[in-house]
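Residue-level structure breakdown
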Amino acid sequence: MFKGLAKRIIPCLDVKNGETVKGTNFVNLRSAGDPVELGKRYSEEGADELVFLDITASFEERKTFTDMVTRVAEEINIPFTVGGGINELADVDRLLGAGADKVSVNSAALRNPSLINDIVARYGSQVCVCAIDARLDDDGWYCYVKGGRERTDRRLFDWAREVSDRGAGEILFTSMNHDGVKQGFANEALCQLAEELPIPIIASGGAGKREHFLDVFTKGKADAALAASVFHFGEIPIPELKRYLSDNDINVRL
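Every chain is numbered on its own, with residues counted from 1 as its sequence reads. In keeping with the model being predicted, local features are shown solely for residues with a pLDDT of at least 70 and side-chain atom pairs are shown and tallied solely at 80 or more, while totals for entire chains, interfaces and linings include all residues. Working from all heavy atoms in the structure, the side-chain values ignore hydrogens and water.

For Phe, Tyr and Trp, where Trp contributes only its six-membered ring, two rings pair if their centres lie within 6.5 Å, and the inter-plane angle classes them as stacked under 30 degrees, edge-to-face over 60, or tilted in between. As enumerated under the stated definition, the model contains six aromatic pairs in all. Look at phenylalanine 185 and phenylalanine 213: their rings are 5.8 Å apart centre to centre, the planes differ by 70 degrees, and that puts the pair in the edge-to-face class. With phenylalanine 185 in the loop between β10 (170-175) and α7 (187-196) and phenylalanine 213 in helix α8 (residues 210-218), this pair connects stretches of sequence that are 28 residues apart. For the exposure calls, accessible area comes from a 1.4 Å probe over protein chains only, and a residue counts as buried if that area is under 20% of its type's maximum, exposed if over 50%, partly exposed in between. Phenylalanine 185 sits in the buried class, given a relative accessible area of 6%. The exposure class assigned to phenylalanine 213 is buried, which follows from its relative accessible area of 0%. Put simply, the rings of Tyr42, Phe185, Phe213 and Phe231 touch in pairs and so form one group of aromatic residues. Charge-over-ring contacts are defined here by two conditions on Lys NZ or Arg CZ: a distance within 6 Å of the ring centre and an angle within 35 degrees of the ring normal. Over the face of the ring belonging to tyrosine 142 we find arginine 151, whose NZ or CZ atom lies 3.6 Å from the ring centre. A run of H or I in DSSP becomes a helix once it reaches four residues, and a run of E becomes a strand once it reaches two; helices and strands are each numbered from the N terminus.

Another point: the packing of helix α6 (residues 156-165) against α7. Helix axes are fitted only over the stretch in contact, all axes being lines through C-alpha atoms; the angle between N-to-C directions runs from 0 to 180 degrees. α7 packs onto α6 with a crossing angle of 35 degrees between their chain directions and a minimal axis gap of 11 Å. Viewed along their axes, α6 and α7 form a crossing whose handedness is right-handed. Seen from α6, the contacting residues are Phe157, Ala160 and Arg161; seen from α7, they are Ala189, Gln192, Leu193 and Glu196. Grouping the amino acids of the contact of α6 with α7 by side-chain chemistry returns four nonpolar, one polar and two charged. By the definition used in this description, the sense in which the near helix is turned from the far one sets the handedness, with an anticlockwise turn below a right angle giving left-handed and a clockwise turn giving right-handed. Contacts are assigned to residue pairs that have any heavy atoms within 4.5 Å of one another. Side-chain classes follow a simple rule in which Ala, Val, Leu, Ile, Met, Phe, Trp, Tyr, Cys and Pro form the nonpolar group, Asp, Glu, Lys and Arg form the charged group, and the remainder, Gly included, forms the polar group.

In this structure, Phe52, Ile116, Ile119, Phe173, Phe213 and Leu245 are the most contacted members of the largest nonpolar core, which totals 76 residues. Residue contacts for isoleucine 116: discarding those within four places in its chain leaves Val105, Ala109, Cys128, Cys130, Trp159, Val163, Arg166 and Ala168. By nonpolar core is meant a set of buried Ala, Val, Leu, Ile, Met, Phe, Trp, Tyr and Cys residues that side-chain atoms within 4.5 Å join together. Counting ten residues, the second-largest nonpolar core is a separate cluster that includes Ile10, Leu53, Ala131 and Leu172.

A word on the layout of surface pockets. Size it by volume and the second largest pocket reaches roughly 180 Å³. Here the term cavity refers to a set of points on a 1 Å grid, laid over the protein atoms alone, in which a 1.4 Å probe fits but cannot get out; the term pocket refers to an open set having protein on both sides within 12 Å along at least five of seven lines, with lining residues being those that place an atom within 4 Å of a point. Forming the walls of the second largest pocket are Leu5, Ala6, Lys7, Arg8, Asp48, Glu49, Pro200, Asp223 and Arg253. In the lining of the second largest pocket, the residues fall into three nonpolar, no polar and six charged. Grid points are joined across faces, edges and corners, and a volume is the space filled by probe spheres set on the points.

Non-glycine residue lysine 182 carries a positive phi angle of around 65 degrees. Here lysine 182 shows up in the loop between β10 and α7. For lysine 182, a relative accessible area of 24% corresponds to the partly exposed category. A positive phi angle is found at lysine 221, which is not glycine, with a value near 55 degrees. Here lysine 221 lies in the loop between α8 and β12 (224-227).

Within β10, six of the six residues are buried, which leaves the element mostly enclosed by the surrounding structure. Side-chain alternation along β10 places Glu170, Leu172 and Thr174 on one buried face and Ile171, Phe173 and Ser175 on a second face that is also buried. At least two bridges found by DSSP between two strands is the condition for calling them paired. When strand β7 (residues 128-137) meets β10, the two strands line up parallel, connected through six bridges. Paired with cysteine 130 across the two strands is isoleucine 171, which belongs to β10. Handedness of the crossover joining β10 and strand β11 (residues 201-204) through α7: right-handed. By convention a crossover is right-handed if, when the strands point away from the viewer, the path from the first strand over the helix to the second runs clockwise.

Following this line, the structure appears as structure tokens:
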């Protein structure tokens, strides 16, 4: 018998200059198609949510970015999280107005942690997803900013605890070591996050086969699993993945 909330399967659209891209360890990006078409496909295939990240968000691209969010939102009927270049409440207003259900903050939250409190106070914790890009370096897990280009002095578990204490509704944790390598998720770190924190943890980085999703829910104790290339390039169809998980006693929405 299934217990607890259903585990979520979440495709991620990393968008640069209006097209979906995918890399390995945050570099060597290649094109993966039109974000609007992909979003529509995932919604129809039974994805539980969709995440859209403008990975090189900058001021010049803002308008295109907002228009793209609107176009994707019009084609889907599942919860929609948008991130990239969110620095203040006006950015959150703009994206929620464009059709996002939640926003994902990362670099800006590390620079200005009270942004999390501000978003939660105005819109509620369910709107605030804090994305954490971290890498296991020789001296432990550290958080990175600017699309993984710059290391901070913040340690993963300390920052995750602070994010939770400030009221964020969820944490989207990407292991940079595992990103795009397709050898499985960072289950040890994920399990520690899940056990230490009271909020849902979305796992990102490492999906390569169906078994990796089973492992991330059982060993990693994640609440949701996010992936990109295995979905974009048709390596793992979402309906097939969900049937496999259900057959292995994972509670998913079929």
